[in-house]
Amino acid sequence: MNDFEKLVNTVFNYLFVKKDNTTSQSSLEDELDNLPPETRAIVERLEAKEILQESAAYSRFKKENDARRATVLRHIREQIGEDKSNNTIAFRRYLAAASAIVALGVCSFLFTPKLNNRHNSANQTAAHIIEPGSSRAVLTLSNGQVIQLDSIPGGIVINQGLHYADGRPIELSSVQPENMMATLQTPRGGEYVLTLSDGSRIHMNADSKLVYPITFHGKTREVTLDGEAFFEIASNKEKPFHVRTNNNEVVVLGTRFNIRSYQEETLSYVTLVEGRVRLQDGHDNPELTPGMQGISDGMATRVRSVNVEDFINWKNGLFVFQNENLEAVAAKISRWYDIEIEIASSAKQVRIWGSLSKYDTFDKVLDILQLIDNDLIINIDGRRVQIMK
């Protein structure tokens, strides 16, 4: 049990004891005396509520979060191949990220109202049948061949030919020219992993497209991205890696970073985890260091410090929302669940906190939204979702 969960248990135990006059509460009060004033204020707020009902809801929410964390870990194991020793550090990092499901979920519970009764059974049923995305993509070669890729852990690898990560070859229709180009496209509701001929690994998010050469030639390694992808670039100082987007060009020298650059969105985001990149937009061309993010609109780029985990958790199987407005959250969710979300103007600026597994059905998303704002009205008709306030 981590420190946060210990705090939650202390608070709830204290409130139960307050209900039971026959039970001593001195030890619990001593524990609470050591808490910051803002935490005591939370306890006072909770005391004014129907605490037994709140606790029952908390227990149910906690149990569901534990199940979601188990699902995330299963998908992480599939993605990175748990039997590979060089993935130990990465797996530990993903394990910590998955633990955020419990912590942030509990935060949402403590600081927000109970579920609104407008979150009705019809909506719940309709939402439950909306399945999350999965590993799927289409590969198109420059000779016109189109290949529907299998949804296997590790995706595809370019290494002395084209094959799946488990070693199975991908049958090509003809002998491929040396300068063959390829386009890997994930649909709405899809994600995929690609290992390039130089050993670089790219994890593509939903509704994204990557254009790349089967084999790199010349003095640079160049790819073009429309959408979102996480890059782990093999170091080669003699042949820098370039990623072209609709707003800028990212020049890389062996690093790990995330790019979000959808054509229908005004801004592009480059978030650096480790290494070094330079953003070329024709103006300032700033360089990023780890923990920095560049935001470009095609004319200029501004740089800020960020918690990089907030921007790469999608590849670890998580949605984590840190004070984002509902409109931005809906854009991410709609791509992954392949649904249309309409938001009334009165609801677009609702701020969202919380987390959930990407592999939950859509009803879990509704739980988070209505935990955060009890006044949201959500209607579901097939794959069309309306959110009002």
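Along each chain, residue indices are assigned from 1 in the same order as the chain's sequence is written. Owing to the predicted nature of the model, reporting of local features is limited to residues with pLDDT of at least 70; listing and counting of side-chain atom pairs is limited to 80 or more, with chain, interface and lining totals taken over all residues. Side-chain descriptors were evaluated using all non-hydrogen atoms of the structure, hydrogens and water having been removed beforehand.

- For the protein, the name recorded in an unreviewed UniProt entry is Anti-sigma factor, with Sphingobacterium haloxyli as its organism.

**Re the overall build of the protein**
No. 1: Each helix is a run of H or I in the DSSP string that is no shorter than four residues. Each strand is a run of E no shorter than two, and both are numbered from the N terminus. Counting its regular elements, the protein contains nine helices and 23 strands.
No. 2: Relative accessible area decides the class of each residue, using a 1.4 Å probe on protein chains only: under 20% of the type maximum gives buried, over 50% gives exposed, and in between gives partly exposed. Within the span of the protein, comprising 389 residues, buried residues form 50% of the whole.
No. 3: Residue contacts are defined here by distance: any two heavy atoms, one from each residue, within 4.5 Å place the two residues in contact. For the protein, the share of sequence-separated contacts (at least 6 apart) that also reach a separation of at least 24 residues comes to 55%.
No. 4: Working note: accessible area of the protein is about 18200 Å², and carbon and sulfur atoms make up 49% of it. For the area figures, the Shrake-Rupley method with a 1.4 Å probe applies, and any residue is considered shielded solely by the protein chains shown.

**Points about helix α8 (residues 326-337)**
No. 1: Here α8 contains twelve residues, and its C-alpha end-to-end distance of 16 Å stays within 8% of the 16 Å for a straight helix at 1.5 Å per residue.
No. 2: Here α8 starts with a cap whose side-chain oxygen sits 3.1 Å from the backbone nitrogen of Glu-327, and that cap is Asn-325. By this rule the span expected of a helix is its residue count minus one, scaled by 1.5 Å. Pairs of N or O atoms are called polar contacts if they sit within 3.5 Å, as long as, within protein, a hydrogen donor faces a hydrogen acceptor (for residues adjacent in sequence, only side-chain-to-side-chain pairs).

**Regarding the layout of surface pockets**
No. 1: Cavity and pocket criteria rest on a 1 Å grid covering protein atoms alone: a 1.4 Å probe that fits but cannot get out defines a cavity, protein on both sides within 12 Å along at least 5 of 7 lines defines an open pocket, and an atom within 4 Å of a point defines a lining residue. Grid points are joined across faces, edges and corners, and a volume is the space filled by probe spheres set on the points. In this model, the largest pocket occupies a volume close to 780 Å³.
No. 2: In this structure, the largest pocket is lined by 33 residues; those nearest its centre are Arg-260, Phe-311, Glu-324, Ala-328 and Lys-332.
No. 3: Those elements that provide at least two residues to the lining of the largest pocket are β13 (256-261), β14 (268-274), α7 (309-312), β19 (318-325) and α8.
No. 4: Ranked by the residues each element gives to the lining of the largest pocket, the list is headed by β19, at eight residues.
No. 5: As a working rule, the residues Ala, Val, Leu, Ile, Met, Phe, Trp, Tyr, Cys and Pro are called nonpolar, Asp, Glu, Lys and Arg charged, and the rest polar, with Gly in that last group. Here the residues of the lining of the largest pocket are counted per class, giving 13 nonpolar, nine polar and eleven charged.
No. 6: Domain start and stop points were drawn from an automatic or database domain assignment. Counting contributing residues, the lining of the largest pocket receives three or more from each of domain 2 (134-311) and domain 3 (317-388).

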